[in-house]
Amino acid sequence: MPNFIKTAVIGHPISHSKSPLIHNYWLKKNALNGDYKAIDIHPDSLEKDVQQLIDDGYSGFNITIPHKITIMELCEEVDTLAQKIGAVNTVTIKEGKLYGTNTDTYGFIQNIKTNAPKFDLRKGKAVILGAGGAANAVLYALLEGGVPEVIITNRTRAKAEELIRFASDKIKIIDWDRRNEVCEDANFIINTTALGMVGKPELEIDISKANPNALITDIVYAPLITDLLKQAQSHGFKTVTGIGMLLHQARPGFELWNGIMPEVTPELEKLILS
Ligand code: ATR
């Protein structure tokens, strides 16, 4: 078929991924000739299996756990943003070579801009709960957006300390058992841990003393309204759910491969949550 665009998400495991639903929805909406598959690739065969995608004429792919860091070695070029975050989640294939970027920061920013357009992160301190891959992307977004101060609190303190490399003058690391205290007067609280997700332990935290104008967001989207967001709503804080980050981070990859920037619609949101 002429101009058939082949794309995919690679990971291990991969069956849980929502990316095929998102991309195939956009391919259909935009009447494009192509498809987007979920491909399970074992870490031991990453290089060989990625070469197979190149040989099969793929235009690009997304990368999820556990390949986001190891894929960087196979790339001809990794852009500055992905280098800074230390992970690649989107690859474009051109003339048999891989070009890597990271769209998680974009996804985070667009989710907040779309769902809390009046929120100003320059107005006060932000608190990031967690220090995993998602925290890197969120931290980068906050610093780019002009946040005055960021407190990072994580169960494993050493992992949080690694993030100081981003901007040592603006970042403070505080022990996980002091998380309630650090939320006092916060202007922005972001949960980047897996806590509160279906099947994971609850996120035990008291955010009642945050700034009355604070925005609270969670990168967990299953359930959509996590206990953190419920608590925030009960105190009258503004909240933004995590589903938008997932949907928005998918847009730049789609544009790179298909030449069209797709839209996040209520219909798509409903499809992904059903
Ligand atoms: P991702 O790359 O998706 O962010 P990750 O790197 O595994 O995933 O990070 C998960 C985050 O959730 C980490 O901050 C982790 O804390 P540790 O660095 O101490 O592992 C946090 N997390 C996971 N389970 C936790 C728990 N039971 N209590 C506190 N934090 C937890």
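Use the structure listed above.
None of these values were measured; they are calculated from a predicted model. (Residues numbered from 1 in each chain as written. Predicted model: local features only at pLDDT ≥ 70, side-chain atom pairs only at ≥ 80, totals over all residues. Heavy atoms only, no water.)

A short note on the overall build of the chain
Looking only at helices and strands, the chain has 11 helices and 12 strands in total. A compact globule built from 274 residues should have a C-alpha radius of gyration of about 19 Å, and the chain, at 19 Å, falls within 12% of that. By its C-alpha atoms, the chain is 60 × 40 × 35 Å across when sized along the principal axes. Out of the 274 residues in the chain, the part that is buried amounts to 51%. Pairs at least 24 apart in sequence give 65% of the contacts found in the chain among residues at least 6 apart. Just so you have it, the chain exposes about 13,200 Å², and 50% of that area is on carbon and sulfur atoms. Placing the 29 positive and 33 negative side-chain charges of the chain at their respective mean positions leaves the two points 5 Å apart. (Helix = DSSP H or I, 4+ residues; strand = E, 2+ residues; numbered from the N terminus. Rg over C-alpha atoms; globule rule 2.2 N^0.38 Å. Buried < 20%, exposed > 50% of the residue type's maximum accessible area, 1.4 Å probe, protein only. Contact = heavy atoms within 4.5 Å. Areas by Shrake-Rupley, 256 points an atom, 1.4 Å probe, with all protein chains shown as cover. Lys, Arg positive; Asp, Glu negative; His and termini not counted. Charge placed at Lys NZ, Arg CZ, Asp CG, Glu CD.)

Describing the packing of helix H4 (residues 104–115) against helix H5 (residues 133–144)
Contact geometry for H4 and H5: axes closest at 8 Å, N-to-C directions at 60°. The angle between H4 and H5 falls in the class oblique. Between H4 and H5 the crossing geometry is right-handed. Contacts between H4 and H5 involve Asp-104, Thr-105, Phe-108 and Ile-109 from the former and Ala-137, Val-138, Tyr-140, Ala-141 and Leu-142 from the latter. (Axes fitted to C-alpha atoms, helices over the stretch in contact; angles between N-to-C directions. Parallel < 35°, antiparallel > 145°, perpendicular 65-115°, else oblique. Left-handed = near helix turned anticlockwise from the far one by under 90°.)

Examining the site of the ligand
Lining the immediate environment of the ligand, one finds 13 residues, of which Ala-131, Gly-133, Asn-154, Arg-155 and Thr-156 sit closest. The backbone of Gly-133 places a nitrogen or oxygen atom 2.9 Å from an oxygen atom of the ligand. Here an oxygen atom of the ligand and a side-chain polar atom of Lys-159 are 3.1 Å apart. Summarising the interface, the protein chains cover 68% of the accessible area of the ligand, which totals 640 Å² for the free molecule. Here the residues of the shell around the ligand sort into five nonpolar, six polar and two charged. (Near = heavy atom within 4 Å. Polar contact = N/O pair within 3.5 Å; in protein donor to acceptor, adjacent residues only side chain to side chain. Nonpolar A, V, L, I, M, F, W, Y, C, P; charged D, E, K, R; others polar.)

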